[in-house]
Amino acid sequence: MARVAPGEHELRRVIDDDREVDGLGEHELLQLYRSMVLLRTYDERSVVYHRQGRIGTYAIFWNHEAMQAGAVHALEDEDWIFPSYRESAIGLLRGMPAATILHWWRGHPAGWWNPADYNVASICVPIATHVPHAVGLAWGKKLKGESAVSIAFFGDGATSEGAFHEGANFAGVMQAPAILFCNNNHWAISTPLSAQTHAAALVDKAVGYGMPGVRVDGGDVLAVFEATREAAERARSGGGPTFIEAVSYRAAPHATADDPRAYIDLERVEQEKRNECLGRYERYLRRLGLLGDELEAEIKNDAAEAMRAGIAAAEAEPEPDADLLFEHAYVDPPPGMREGSDG
Ligand SMILES: Cc1ncc(C[n+]2csc(CCOP(=O)(O)OP(=O)(O)O)c2C)c(N)n1
Ligand SMILES: [Mg+2]
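Quick summary incoming for the structure in this document. (Residues numbered from 1 in each chain as written. Chains lettered and ligands numbered in written order. Predicted model: local features only at pLDDT ≥ 70, side-chain atom pairs only at ≥ 80, totals over all residues. Heavy atoms only, no water.)

## Side note on the coordination of the magnesium ion (ligand 2)
Reference geometry at the metal: tetrahedral coordination by four donors gives ideal angles of 109.5 degrees; octahedral coordination by six donors gives 90 or 180 degrees.
Now for step 1: The coordination sphere of the magnesium ion (ligand 2), as far as protein atoms go, consists of Asp156 (OD), Asn185 (OD1) and Trp187 (O), spread over 2.1 Å.
Now for step 2: Each donor residue of the magnesium ion (ligand 2) belongs to the same chain, with the gaps between them written as D-x28-N-x1-W.
Now for step 3: Taking relative accessible area as the criterion, Trp187 reaches 12% and is therefore assigned buried. (Donors = N, O, S within 2.8 Å, 3.2 Å for Na, K, Ca; no water. Buried < 20%, exposed > 50% of the residue type's maximum accessible area, 1.4 Å probe, protein only.)

## Regarding unusual backbone geometry
Now for step 1: Even without glycine at this site, Asp18 takes up a positive phi of about 55°.
Now for step 2: In this structure, Asp18 sits in the segment before α1 (26-51).
Now for step 3: With relative accessibility at 52%, the residue Asp18 sits in the exposed group.
Now for step 4: Within the chain, Asn63 stands out as a residue other than glycine whose phi angle is a positive 75°.
Now for step 5: With respect to the helices, strands and loops of the structure, Asn63 is situated in the loop between α1 and α2 (65-73).
Now for step 6: Asn63 sits in the buried class, given a relative accessible area of 3%. (Helix = DSSP H or I, 4+ residues; strand = E, 2+ residues; numbered from the N terminus.)

## Quick look at the environment of Ala313
Now for step 1: With respect to the element layout, Ala313 can be found in helix α11 (residues 293-316).
Now for step 2: Put simply, Ala313 and Ala99 are 214 residues apart on the chain and 6.0 Å apart in space, counted from C-alpha to C-alpha.
Now for step 3: Residues contacting Ala313, with those up to four places away along its chain left out, are Ala99 and His103. (Contact = heavy atoms within 4.5 Å.)

Keep in mind that these numbers describe shape and distance, not what the molecule does.
Here it is in structure tokens:
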């Protein structure tokens, strides 16, 4: 049997260690920045749109952008992404229009895309049920002799779900080319990490499933990029799955319907806000001389414009036909429902 080294407990860092990542030149570093800004702008505007009643409940991902952008940039376009609700806007990084995702949060059918158009699966709301899907797709790619890998994003809370364990075990046994990416933001709504596991670190779960585990600073976009690239290369070259634990602390409410002041460590939130991932990366790029005020303003304006266009397009879409709700539910709609829909 292959022996697996215990997961690394120490957090891997690049920005705070003032390192550079091999193979990332000026163009790639700025692309990564553009992606983080786009995600941040999407997130901040979405909270405003929610307050204005223009989208429904929204799962905020403020300060999770480094995990999402860092991981996606480490992949190839052929690789498949399986997002949870926390990564709802990750399709933006694959060219999906902002309007599509806004439609999703508006509950409009135009918010459901064909996954094969972007190699981005539907947004998964049930916790962890997409982990076996991602692993199954990866295994399928391996069986077909294709080189694509898959990545599933899920939270710390998801590691307590049966579906996570089934998916992780299957990935290990089948040596599926999958990356299990855990965003450990320390909270599952109001349930703290300490109530979720008695393990010293979530990364230790990797050992039980016979796969390497890596623990990174989730606010360090370059550390996330480096760890994901390593995992993707290993998967693509037949080395099987990897579990990545990206550690952060949720600095925003779980979603627009949540008030975390009742349960969260507010000092820790303030600390996390001061060290939030986009500002950290901006300071790094400025130290390298790659980012100045003018370029920063241009990139932020582009993102703001994309969001203005996105919400305008989403709101211009005609209301869906209410009958759609029942179209695939019954061959013969019950009489009461037929009357309702006629009326
Ligand atoms: C199977 C299932 N059970 C419960 C819920 C309700 N729920 C929605 S979000 C959430 C917390 C999940 O926390 P975590 O996995 O840490 O992800 P995070 O929201 O922190 O990104 C729960 C329990 C759900 N969506 N699906
Ligand atoms: Mg969580």
